[in-house]
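# A structural walkthrough
Each chain, letter by letter, is given below.
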Amino acid sequence: MRKGISTAHSVVDPSSGSQWFASVVVVFYALVTMIPLVWIIMTGFKTPADSISYPPKIVFSPSVEGYCNLFTTRSRQTDEYLASLPPAQGRCEEIARSQRMAVAGPSNFAPRFANSLIIAFGSTIVSVGFGVMAAYAFSRFKVPLKDDLLFFILSTRMMPPIAVAIPIYLMYRELGLSDTRLGMILLYSAVNVSLSVWLLKGFIDEIPREYEEAAMVDGYTRLQAFRKVVLPQAVTGIVATAIFCLIFAWNEYAFAVLLTSGEAQTAPPFIPIIIGEGGMDWPAVAAGTTLFLVPILVFTVLLRKHLLRGITFGAVRK
Amino acid sequence: MADRLARATPAPLAQRMRGLSDRSIAWLFIGPTMLLLLAINIFPLIWTIKLSFTNFRANRPNATPIDVGIDNYVSVLTDPDVWAAMQTTAHFVFWTIFLQTLIGFTLAYLLDRKFRGHGFWTTLILIPMMLSPAVVGNFWAFLYQPQTGLFNVIASFISGVSPSSFSMLGEVPLAPWAIVIVDVWMWTPYVMLICLAGLRSIPDYIYEAAEVDRASKWRQFWSITLPMVLPFIMLAVLFRGIENFKMFDMVNLLTSGGPGSTTEVASITLKREAFEKWRTGYSSAFAIILFVAVFGLANIYVKALNHIKNR
């Protein structure tokens with residue numbers, strides 16, 4: 001509402017000299033840190049031979065072979081058999097034919113990718129939903145043994161995943177949850193809820209109690225005040241927390257590799273085992289990595305404004 | 001106005017209702033989280049404790065496990081391989097956190113100068129931490145390849161040594177630093193983001209007051225900025241510390257603990273015992289010891305954090 005007052009030409013605005021210095025350092029860091037990623041994306045468009053050439057090729061003729069290999073399985077065939085096939089349909093078939101191979105069918109990448117999406121979003125909804133409620137209760141109410149409970153919640157995250165995996169596997173087998181998406185959603189929710197409660201409690205602590213108290217004086221119940229006053233104020237924090245949870249669930253590998261094998265397997269255990277003829281198929285791995293990054297990248301860019309404003313709860317500033 | 005009056009009228013009644021319900025709302029709100037954690041974390045933990053006193057092997061589920069008392073704990077604590085793994089883990093945790101905090105805070109501080117385009121660059125810098133550690137580990141193994149790997153080519157361009165003369169993942173002195181480099185590349189943005197949130201949480205009026213008092217920028221940094229961001233830095237360090245203590249995925253795909261056992265951090269040892277040697281009872285005991293160690297350290301740490309926050 002009154003934001004113009006404190007921002008425009010404030011004495012605390014950084015000088016243009018310090019801004020110039022900061023921008024040079026930050027841009028340099030950003031560019032250097034991007035090199036491996038740009039290299040991953042470029043490798044996705046190389047042929048297997050180009051991907052391991054020396055010196056490394058910066059300029060190369062782009063190929064979709066990596067993406068073809070990612071999405072299809074191919075089998076080597078005799079010349080007679082290939083000659084008997086109908087003309088190649090599509091680019092991937094053409095590339096395969098040129099190497100005396102035929103496309104045998106789709107690979108497992110697409111279903112693994114879908115599993116990753118479903119499990120990541122499902123578990124984020126649960127952990128942020130539970131987390132914001134618990135965080136509010138811890139922030140506002142006199143909960144007996146509050147610090148101990150909070151520490152207990154955090155401590156559940158300290159167990160190495162490998163250690164939890166065996167009993168979880170035995171338990172899931174009893175409950176029929178092994179290698180299911182529901183099982184993975186519950187597992188990731190439980191792992192993430194501790195981060196969610198802790199981060200959100202920090203955010204909610206910074207919303208002045210006076211807002212809810214004023215709303216309750218106006219006749220709101222506690223629950224209405226939570227829904228209509230606290231939640232809108234906490235949106236930035238909730239979004240930031242959700243992004244952290246999403247990133248975790250999307251990227252999780254240890255549980256996924258030990259507890260899933262087929263139906264519920266996510267992309268991270270799948271991508272590293274893409275092997276071509278005669279070793280790692282690096283362009284296909286790079287293509288999978290690139291596609292794996294895209295959903296979260298888009299999501300983050302869309303929410304950039306919320307992220308960057310960071311914590312502008314700035315209760316005191318308003 | 002009329003609406004406001006109407007809502008205000010039943011206030012005394014509502015007040016009493018609220019007085020009764022706050023406690024139940026608190027439990028209603030905390031309940032789901034607790035149930036989830038009890039089912040997915042605490043129950044398995046108790047199961048692990050139970051297994052740790054037996055010679056159970058998960059690949060022989062039908063054999064009756066024999067109660068072996070504290071034998072598993074004794075053999076873990078007297079195992080030189082376990083102590084070597086703990087040293088490797090300590091080296092990894094210390095250097096990654098030290099470098100991440102240093103670089104992360106510096107970047108956050110610079111980004112807080114709000115220069116033109118800082119939003120775009122922040123987004124770029126954040127990207128590495130969004131990738132899966134497993135996928136990143138896998139891909140850095142590609143970058144670390146002797147001769148053709150991009151890392152080796154760039155390192156040789158800078159230092160002048162031949163790109164085929166060293167192997168980051170294959171040499172005993174280099175491998176521990178190879179995993180530190182990847183972890184720092186990946187997680188510095190995480191620390192940076194939390195520091196940035198901390199810096200942005202400092203209200204301008206404090207700096208304005210400091211300006212009025214003619215405090216130098218240097219003084220403002222040490223007396224305002226750092227103390228107010230410190231709880232955020234400590235939170236970031238806590239989370240990174242716990243995560244890196246448990247580090248498994250990235251290292252598993254980069255080196256699988258090799259060469260030899262140079263990069264065998266605790267989780268890799270645990271995985272070998274539990275899923276390759278199938279010594280479930282022994283590895284359960286090892287897991288409990290690890291858990292108690294992190295739990296104890298984190299407990300002390302959180303007390304310090306609360307102390308700083310309440311100051």
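Residues numbered from 1 in each chain as written. Chains lettered and ligands numbered in written order. Predicted model: local features only at pLDDT ≥ 70, side-chain atom pairs only at ≥ 80, totals over all residues.

### Some details on the overall build of chain A
The helix and strand tally for chain A stands at 17 helices and four strands. By residue count, 45% of the 318 residues in chain A fall in the buried class. (Helix = DSSP H or I, 4+ residues; strand = E, 2+ residues; numbered from the N terminus. Buried ≥ 20, exposed ≤ 12 C-beta atoms within 10 Å, placed from the backbone.)

### What about the overall build of chain B?
The helix and strand tally for chain B stands at 13 helices and zero strands. In chain B, the succession of helices and strands from N to C terminus is α-α-α-α-α-α-α-α-α-α-α-α-α. Dimensions of chain B along its principal axes, counting C-alpha atoms only, are 75 × 60 × 35 Å. Counting over 311 residues, chain B shows a buried share of 44%. For chain B, contacts bridging at least 24 residues in sequence account for 72% of all contacts bridging at least 6. (Contact = placed C-beta atoms within 7 Å.)

### Here we look at the interface of chain B and chain A
Contact with chain B, which involves 82 residues of that partner, is made by 89 residues of chain A. The dominant element in the side of chain B that touches chain A, judged by the number of residues it contributes, is helix α2 (residues 11-52) of chain B, at 19 residues. When the residues that make up the side of chain B that touches chain A are grouped by side-chain class, the tally is 54 nonpolar, 15 polar and 13 charged. (Nonpolar A, V, L, I, M, F, W, Y, C, P; charged D, E, K, R; others polar.)

### Some remarks on the domain arrangement of chain A
Interface size is often expressed as the accessible area that is lost when the parts come together. Residues and elements named next belong to chain A. Here chain A is described as being made up of domain 1 (48-107) and domain 2 (110-309). The C-alpha centroid of domain 2 is placed 38 Å from the C-alpha centroid of domain 1. For the side of domain 1 that touches domain 2, the elements supplying multiple residues, two or more each, are α3 (48-51) and α4 (65-71). For the side of domain 1 that touches domain 2, the element with the most residues is α4, which contributes six residues. Tallied by class, residues from the side of domain 1 that touches domain 2 come to six nonpolar, three polar and one charged. (Domains from an automatic or database assignment.)

### Quick look at unusual backbone geometry
Trans peptide bonds make up the majority, and among non-glycine residues the majority have a negative phi. Phi is positive for A:D179, close to 55°, though the residue is something other than glycine. Structurally, the position occupied by A:D179 is in the loop between α9 (161-175) and α10 (181-205). A positive phi angle, close to 60°, is found at B:R214, a residue other than glycine. Mapped onto the fold, B:R214 is located in the loop between α9 (204-212) and α10 (217-245).

### Here's the deal with α10(B)
All names here are of chain B. Its maximal kink placed at L230, α10 deviates by approximately 45°, while the proline P231 follows within four residues. Within the span of α10, buried status applies to V229, F232, M234, L235, A236, F239, R240, G241, I242, N244 and F245. The inward-facing, buried residues of α10 abut α4 (80-111), α8 (175-200) and α13 (280-309). (Bend = angle between axes of the 7 residues up to and from the residue.)

### Observations concerning the packing of α9(A) against helix α12 (residues 266-276) of chain B
Relative orientation of the contacting elements α9(A) and α12(B) amounts to 30°, with a least axis distance of 9 Å. When the axis of α9(A) is compared with that of α12(B), the two are roughly parallel. Contact with α9(A), carried on its side by A:I162, A:A163 and A:I166, involves B:S267, B:L270, B:K271 and B:A274 of α12(B) and no other residues of that element. (Axes fitted to C-alpha atoms, helices over the stretch in contact; angles between N-to-C directions. Parallel < 35°, antiparallel > 145°, perpendicular 65-115°, else oblique.)

### A word on the environment of A:P55
Residue and element names in this part refer to chain A. Inspection of the secondary structure assignment puts P55 in the loop between α3 and α4. Among the residues examined, P55 registers 9 C-beta atoms within 10 Å and is labelled exposed. Between the C-alpha atoms of P55 and Q233, which are 178 residues apart in sequence, the distance is 54 Å.

### What to know about the packing of helix α7 (residues 109-140) of chain A against α10(A)
A pair of packed helices is characterised by two quantities: the angle between their axes and the separation of those axes. Residues and elements named next belong to chain A. Running from N to C, α7 and α10 point in directions that differ by 40°, and their axes come no closer than 6 Å. It follows from the interaxial angle that α7 and α10 lie oblique. Crossing geometry of α7 relative to α10 is assigned as right-handed. Residue classes in the contact of α7 with α10 are distributed as 17 nonpolar, nine polar and three charged. (Left-handed = near helix turned anticlockwise from the far one by under 90°.)

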